[in-house]
Structure formats: C-alpha cells, structure tokens
Amino acid sequence: MRRIIQALAAGAVLCAGVSPAAAQEAPATTAAPAATPAGIPLDNPWRRAVYEQANTHFQHPSWGVRHSERNYLLGMTLAEAEGLPVDADVLFAAAFLHDWGGIAPFAVTGVDHAARSVELAEPFLTDAGFPMEKFPAVRAAILGHMYDKEPEGAEAVVLHDADALDFLGALGAGRLLAATADRPDYDQALGRIERFAVDIPPRLKTGAARDLARQRVAVMTEFLAQLRRETPEGARP
C-alpha cells in the first residue's frame with residue numbers, strides 16, 4: 001500500500017510537469033504577513049512594501065519599526081477619541097516612514113530628519129503603488145511629527161501627539177535610555193527624561209493626548225525619584 005501511495009504521488013507530480021526530485025528540492029515559499037505583530041492589516045501590496053522596508057531597514061532601539069507601529073496604533077486611538085476624520089492609509093505611510101531620514105545609513109548631516117524622510121518616502125511610495133493623491137497629507141504628517149512642530153491636518157495632528165507621547169512614561173524613559181548607545185553614562189538621557197516631562201505636555205494638540213500625558217509624566221517623575229532613592233549618597237546615578 002505504501003508503494004502504491006508513493007507511485008500515485010509521483011504520478012501527480014509528473015502530470016504537473018515537475019519531476020519528483022525537483023519537487024523535493026523546491027524550497028517552501030514564505031507567505032507575506034497579513035498583519036504587523038500588533039495586528040495592523042497589511043492588506044495590499046504597498047502596505048506590505050512599506051512594512052517590509054521598515055522591518056528590514058529601520059531597526060533601532062528608539063526610533064525604529066516598533067516605535068512606528070506604536071505611533072500608528074496610538075494615532076488611530078487618538079483620532080477615534082477626538083472624532084477626527086483620519087485617513088488610515090496616510091497615517092500608516094507617515095507613521096512607518098517618518099523617521100527614515102534619521103536612521104543610518106539614510107541620514108544626511110545637516111538635513112532635518114523629517115525633511116529627509118519625505119525626500120526618501122516620495123519615490124518609494126510611488127514605486128510601491130501608494131495612491132499618490134494622498135501624498136501631500138503624508139508629507140504634512142511627516143514634517144509635523146516632532147513635538148516642537150505645528151502639525152497641519154488630521155493625520156499630522158494625531159501623529160504629532162502619538163510621537164510625542166512615545167517620549168513620555170515608561171516607554172519614553174526606556175527609549176531615551178536605549179538611545180545612549182556607547183556613551184560612558186546616561187546623564188543625557190536622564191536630563192531629557194526630566195526636560196521632556198515639562199516641555200512636551202503643553203505642546204500636545206488633542207485633549208485625549210493631554211490626558212494620557214498626565215499619567216505618563218507621573219510615571220516618569222516617580223522613576224526619577226526612585227532612581228535617586230536607589231543611588232548612594234554622594235554618588236551619581
């Protein structure tokens with residue numbers, strides 16, 4: 001019986017025009033992911049191209065693909081809370097490509113990372129099949145994403161606030177400490193944690209973001225206080 005089954009299988013392969021040996025040697029194809037790890041749909045070719053670009057080339061402990069995924073999810077949450085008519089395509093493209101120009105080897109010395117991201121994103125999205133009539137909104141969202149900018153448009157507003165919130169709370173502290181890289185200390189990161197807790201909340205544009213900011217600032221403040229409590233007297237953290 002086993003030999004009969006094997007013969008039938010081999011005959012089926014031959015009928016398809018492929019030899020049994022070739023069938024055994026053919027590598028299994030890996031299906032493209034249907035969604036990001038957090039469940040953001042990758043339901044068309046350009047979304048898959050954008051995510052593949054980010055997941056392959058934007059690996060950074062502070063500004064990489066994970067940060068982009070959080071920005072999209074939080075941006076959509078803020079849009080729903082505020083009743084803002086956000087285009088999910090625009091927010092997806094902007095969220096996953098907004099820091100492209102600040103990551104090596106794509107960064108250019110002396111060029112603002114947001115402007116560089118726009119420069120890189122436009123031809124990439126064109127080739128990927130993105131609906132380019134929406135690109136002006138993507139450009140505005142990328143250019144306005146930093147907390148000290150004035151965003152223009154619904155997608156720009158929610159990306160601005162989501163990106164700013166990702167500098168606050170436990171996530172913000174973790175990102176800033178991770179960005180110390182090979183520095184001999186983390187004094188710069190601690191200074192930024194302290195400064196961002198004061199500077200960022202007044203610059204948020206949505207009420208929902210301001211509510212979240214209060215909770216996250218409390219976490220940062222307690223983190224710094226606990227750090228000082230754990231540091232021996234006269235020593236530096």
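Our structure is the block above this text.
This structure is a prediction, so every number in the text was calculated from the model and none was measured.

Participant: Which residues make up the side chain of Arg47, and what are the values?
Facilitator: By the element assignment, Arg47 lies in helix 3 (residues 45–57). The residues touching Arg47, leaving out its near neighbours within four places in the chain, are Ile40, Pro41, Leu42, Tyr72, Ala88, Asp89 and Phe92.

Participant: For the environment of Arg229, give the residues involved together with the corresponding values.
Facilitator: Relative to the elements of secondary structure, Arg229 occurs in helix 11 (residues 207–230). There is a polar contact of 2.4 Å between the side chain of Arg229 and the side chain of Glu222. Within polar-contact distance, the side chain of Arg229 engages the side chain of Gln226 at 2.6 Å.

Participant: With reference to specific residues and values, describe the packing of aromatic side chains.
Facilitator: One pass over the full model with this rule turns up twelve aromatic pairs. A ring pair is formed by Tyr72 and Phe92, whose centres lie 5.8 Å apart and whose planes are at 75°; its orientation type is edge-to-face. Highlighted residues: Tyr72 in helix 4 (residues 65–82) and Phe92 in helix 5 (residues 88–97), separated in sequence by 20 residues. Of the residues examined, Tyr72 reaches a relative accessible area of 7% and is grouped as buried. For Phe92, a relative accessible area of 0% puts it in the buried group. The ring of Phe92 carries the charged tip of Arg47 above its face, separated from the ring centre by 4.5 Å. Across the ring face of Phe167, the terminal group of Arg175 is positioned such that the distance to the ring centre comes to 4.5 Å.

Thresholds applied
- Residues numbered from 1 in each chain as written.
- Predicted model: local features only at pLDDT ≥ 70, side-chain atom pairs only at ≥ 80, totals over all residues.
- Heavy atoms only, no water.
- Helix = DSSP H or I, 4+ residues; strand = E, 2+ residues; numbered from the N terminus.
- Contact = heavy atoms within 4.5 Å.
- Polar contact = N/O pair within 3.5 Å; in protein donor to acceptor, adjacent residues only side chain to side chain.
- Phe/Tyr/Trp six-rings, centres within 6.5 Å; stacked < 30°, edge-to-face > 60°.
- Buried < 20%, exposed > 50% of the residue type's maximum accessible area, 1.4 Å probe, protein only.
- Lys NZ or Arg CZ within 6 Å of the ring centre and 35° of its normal.

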